[in-house]
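Observations on chain architecture
Chain residues, written in single-letter form:
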Amino acid sequence: MATETPTTSPLRFAGVRKRFQRGKDAVLALDGLNLELTPGQVTGLLGPDGAGKTTLIRLAAGLLRPSEGKVFLFGQELSTGTTDLQEKIGYMPQRFGLYEDLTVQENLDLYSDLQGLAPEQARNRQQDLLKLTALGPFGKRRAGALSGGMKQKLGLACALLRAPQLLLLDEPTVGVDPIARRELWEIIQSLRGAGTTVLMSTAYFDEAERCDAIVLLHEGKLLRQGNPQSFTDPLRGRCFLVRHHEMRRRALRESLQQRPGVRDARIVADGIRVLTGPEPVTPAADEQWEPISPAFEDAFVELLGSGTTATVNTAPTTTTITDGKAAEAVVEVEGLRKFFGHFEAVKSSTFSVRRGEIFGLLGANGAGKTTTFRMLCGLLSPSAGTLRVAGVDMRRASSAARARIGYVAQKFALYGNLSVDQNLAFFAAAYGLRGKQRAAAIARVREEFQLAPYGPVNADNLPLGIKQRLALACALLHEPPILFLD
Amino acid sequence: MNSRRLRGLIRKEFLQILRDPSAIAIAFFLPVFLLFLFGYGVSLDARHIPLAVVVDQPTAETSAFVGGLQQSFYFAPKLFPSMQQAQAALMERRVDGIVWLRSNFSRQILQGNTASIGVFVNGVDANNARIAEGYLQGVWQNWLQQRALAAGHPLIVPVDGKDRIWFNPALRSRDYLVPGLIAVIMTLIGALLTALVVAREWERGTMEALMATPAQMAEILLGKLIPYYFMGMGGMLLSVALAVWLFAVPLRGSFAILLLASTLFLLVALGMGLLISSVARNQFVAGQIAIIVTFLPAFILSGFIFYIPSMPTAIQVITHIVAARYFVSILQTLFLAGNVWSIILWNSLALLLMAIFFLGVTLRRSHKRLD
Amino acid sequence: MARREFWQRINALAAQGVTVLITTHFMDEAEYCDRLVLMSLGEILAQGSPAELRAQAKSPEHPDPSMEDAFIKLIEAYESQIRRAS
């Protein structure tokens, strides 16, 4: 008969505060956090950017010391016996923390030694993990030459070498393509059976729903903890799928978002997903409202707000750049190819993009998206094929076309040690805007992107969301008719 | 301390060194390059200094003096018809100095056995200028003396100096530059390379992952110290071998003492490198700091090139905190003079104290934490 | 959160007639696009509206695949076909 023994929690936070000194200001990353994990569960850690997720995980891994309060691992206070306790945990940092110049096997060997595994034990464990992660055939490959998903799997394997009792993962699936993401999840799920307690932060709402428990952080405080149902159940009867016969999804979304009583409206596969307030909302004419079951994202929005309560100056939502027939093609690609040496990175691609369209490029890591993108922006020259952007042949006059495009890179290319205003002034100058024109352009984006309050703040010290706004603002200073977002 | 963990860390470090061309470059190519540069190229001796000679009124006496200059090993005199042309040559750096024998030269000589000559040296390169001036003085005195002897009555000079040069009789600057260079090379490997590789671990996020493992801080530090100790000693042995066999610099002291003193100095350099990387966690800043606080002082303030007693007093005081000063002193003694215990012991003691200080501070400052 | 605000702005720009090209890993974001191309190993596997892409991955077991399902299915099918060919 299985007896219920009172187990000590693998991880407990008691009144933990964590302050950081950032220049002259002290930032409170965690503010009096109390938290306890249930053994053997997968707990998802969610929250907006800057909520304190990474700080929480680093505190649990013993990499940071709390300013106030205590962190307990398996009932023992962390600051007293860090190294012993670290034998019980596996930790995977947000950034790939392995040696890129060592091979997969050499990294595994190093971490086996660091975890104190005997050679025999290490070999068996490594075999199991190589099988689990399907990295077996890549043992001799340098870690730096692995794809993003494979790197994450190797990182996970290294964290799992000693079969940790507590596994701490900081956004293990971010920037990973869907296939690798699914594989990572299969590995994490398989740990449940082994009795490992997992704490993982994530930016994906669908991953939250697959966790046993969710910890929702906001501004360094615990907003709510519970299983996924406890988050979504209160929203029953307030979620709808809305369809419209004529309106395009984007326009429909805008109109719904601005309707009183609607908390959130977002585009999904079959229509617009709407979360209403407690009061029922009456559908407009020609709209079909179908009740659906709430998802975690709804709960997230309900608890934290949609983040953009009517802050965006949208153009009249009824603009009818409809069905494309009227709109001309602004990007035309035909038989586009790119070779790097003998390697064909892009194989004879043909597509076109019409004015006012949002056009997505999807693909796994290394599929050729970025290469295609760089050719479209005139940063790389194609090996073969035709490429016209805004009516200009990119092979002949790419600089002429470049003046008509805006480009925002994944890692925003801002000057971190310049202020918001200085960044704007620099980019305006870089786009050749002068005098009154420049002043007008800067004033326009400052207003449109609500950057005025941040004028003197250095870009490095901005919250992520504001940084993103600034990056967009910089790319839109010269009012390009085409915008590239990588 | 766990030997398996330490072994794993050391093996990792060696694998990285083997695969990182920049580490090999700093540890082996740079020393060889510096040795060749100082062994063959740079010489602080003045030899064949191009010299303009202007003779206002050629006589038997002037040609005797110019002949003396021509025979000198140190000068390559060239006659110029006028002072103006000689000055132009000096401006264009075609010559490094001018000797001007005025029209009254012969008359003065014949009257009173002595005369004055005009000497102009290009002071842009102060070091060279001083040497050229000194040599000219010597040649002039020498010539006057010989003339006096030939005339049968000795020249009255206040002090009759008789020089005897010990330890480096040929006065080859190479013989003291090359041993001193070993200190510079070991600074590069010990401090600069170590600071860079630790900063790289912070930069790439590998340090964060390392710190979440059960490895102790002492193991992580030793995992860096040991491999770079061997790299540094390798660089030292390479330099000594080149010095002795290629540049024929004598090694008069004991090799064992050389190894011991090198170990002490390397520990100081490694301690400084590790300390720098615990302050600056990115490669660029760590590299800058390492060059400014370790490499440049080792070059300028160690007595390797510039003679410490001839520095201004304030600077002389500062040289006492430059570890390379003590090591250069040991090196120059061991190579050129032999086992001079009074020098070796005191300087070794200074190195030992500095090694304890830097390694101690590093160990105290390093925590297995990010904040 | 930042992504939500970001998309709201992108939508507004598109409504003003700005053409937007975007790469993303977030499959739910793919739904915001008017049209998509799906690439693998340097080749375009499929293009069309989100609904058209999803329809291409429909099967008896998966009558209503999500964009992520479609992505995985189309890419895996293509890559295994390449592997067989080589």
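Before reading on, note that the structure itself is shown above.
So, here is what we can say about the structure in this document. Remember, predicted model here, so these are calculated numbers, not experimental data. Starting from 1, residues in each chain are numbered consecutively following that chain's sequence as written. Throughout, the order in which chains and ligands are written sets their labels, letters from A for the former and numbers from 1 for the latter. A pLDDT threshold of at least 70 governs which residues receive local features in this predicted model, and a stricter bar of 80 or more applies before side-chain atom pairs are shown or counted, although totals over entire chains, interfaces and linings include all residues. Each side-chain value is derived from all of the structure's non-hydrogen atoms; neither hydrogens nor water enter the calculation.

1. Considering the overall build of chain C
The following threshold applies: Put simply, DSSP H or I for four residues or longer makes a helix, DSSP E for two residues or longer makes a strand, and each gets a number counted from the N terminus. Here the term buried applies to any residue with accessible area under 20% of the maximum for its type, exposed to any over 50%, and partly exposed to those in between, with areas from a 1.4 Å probe on protein chains only. Here, residues are in contact when the closest pair of their heavy atoms is within 4.5 Å. Where accessible areas are quoted, they stem from the Shrake-Rupley method and a 1.4 Å probe; at the residue level, only the protein chains shown are allowed to cover. Neither His nor the chain ends is counted toward charge; the positive residues are Lys and Arg and the negative residues Asp and Glu. By convention, the point assigned to a charge is CZ for Arg, NZ for Lys, CD for Glu and CG for Asp.
Looking only at helices and strands, chain C has four helices and three strands in total. Counting helices and strands in the order they occur from the N terminus, chain C gives α-β-α-β-β-α-α. Per-residue burial for chain C yields a buried fraction of 64% across its 86 residues. Here the contacts in chain C between residues at least 6 apart in sequence split such that 33% fall between residues at least 24 apart. If you sum the accessible surface of chain C, you get close to 3,400 Å²; carbon and sulfur atoms cover 52% of it. With 9 positive and 13 negative side-chain charges, chain C shows a spacing of 1 Å between the two charge centroids.

2. Here's the deal with the pairing of strand S7 (residues 166-170) of chain A
Residue and element names in this part refer to chain A. Rules: A pair of strands is treated as paired once DSSP finds two or more bridges between them. Note on handedness: a crossover is taken as right-handed if, strands pointing away from the viewer, the path from the first strand over the helix to the second is clockwise.
Within S7, five of the five residues are buried, leaving the element largely enclosed by the surrounding structure. The alternating pattern of S7 places Leu166, Leu168 and Asp170 on one face and Leu167 and Leu169 on the opposite face, and all of these are buried. Across five bridges, S7 lies against strand S8 (residues 197-201) in parallel orientation. When the sheet's bridge partners are listed, Leu167 is paired in S8 with Val198. The parallel pair S7 and S8, bridged by helix H6 (residues 178-193), forms a crossover whose chirality is right-handed.

3. Some thoughts on the pattern of salt bridges
All names here are of chain A. Going by this rule: Any Lys or Arg side-chain nitrogen located within 4 Å of an Asp or Glu carboxyl oxygen qualifies as a salt bridge.
Under the defined criterion, the tally for this structure stands at 40 salt bridges over all chains. Taking the shortest distance from any N to any O, the salt bridge between Arg17 and Glu68 comes out at 3.3 Å. With Arg17 in strand S1 (residues 11-22) and Glu68 in strand S4 (residues 68-73), this pair connects stretches of sequence that are 51 residues apart. Overall, the relative accessible area of 27% leaves Arg17 in the partly exposed class. Residue classification places Glu68 among the partly exposed positions, given a relative accessible area of 36%. A salt bridge links Glu287 to Arg259; its shortest N-O distance comes to 2.7 Å. With Glu287 in strand S14 (residues 287-291) and Arg259 in the loop between helix H9 (249-257) and strand S12 (262-267), this residue pair connects regions lying 28 residues apart in the sequence. Glu287 gets classed as buried once you look at its relative accessible area, which sits at 12%. When its relative accessible area of 17% is taken as the criterion, Arg259 is described as buried. Several salt bridges converge on common partners, so that one network encompasses Arg17, Arg19, Asp31, Glu68 and Lys221.

4. Topic: the interface of chain C and chain A
By a frequent convention, interface size equals the accessible area lost on bringing the separate parts together. Put simply, the test is: Buried area adds together the accessible area that both of two parts lose upon being put together, with accessible area traced by a 1.4 Å probe. For the purposes of these results, a polar contact is taken to be a pair of N or O atoms within 3.5 Å, where, inside protein, one atom must be able to donate a hydrogen and its partner to accept one; residues adjacent in sequence count only when each atom of the pair is a side-chain atom.
With 50 residues of chain C at the interface, the matching set in chain A holds 81 residues. Both faces considered, chain C and chain A share a buried interface measuring about 6,200 Å² in area, 56% of it formed by carbon and sulfur atoms. Connecting chain C to chain A are three salt bridges. We note a salt bridge from Glu357(A) to Arg35(C), for which the minimum N-O separation is 2.9 Å. If you look at where chain C meets chain A, you find 26 residue pairs in polar contact (both at pLDDT 80 or more). Of all the secondary structure elements, the ones that give two or more residues to the side of chain C that touches chain A are helix H1 (2-15), strand S1 (19-23), helix H2 (27-30), strand S2 (35-40), strand S3 (43-48), helix H3 (50-56) and helix H4 (67-85) of chain C. Among the elements that line the side of chain C that touches chain A, the one with the most residues is H1(C), at 14 residues.

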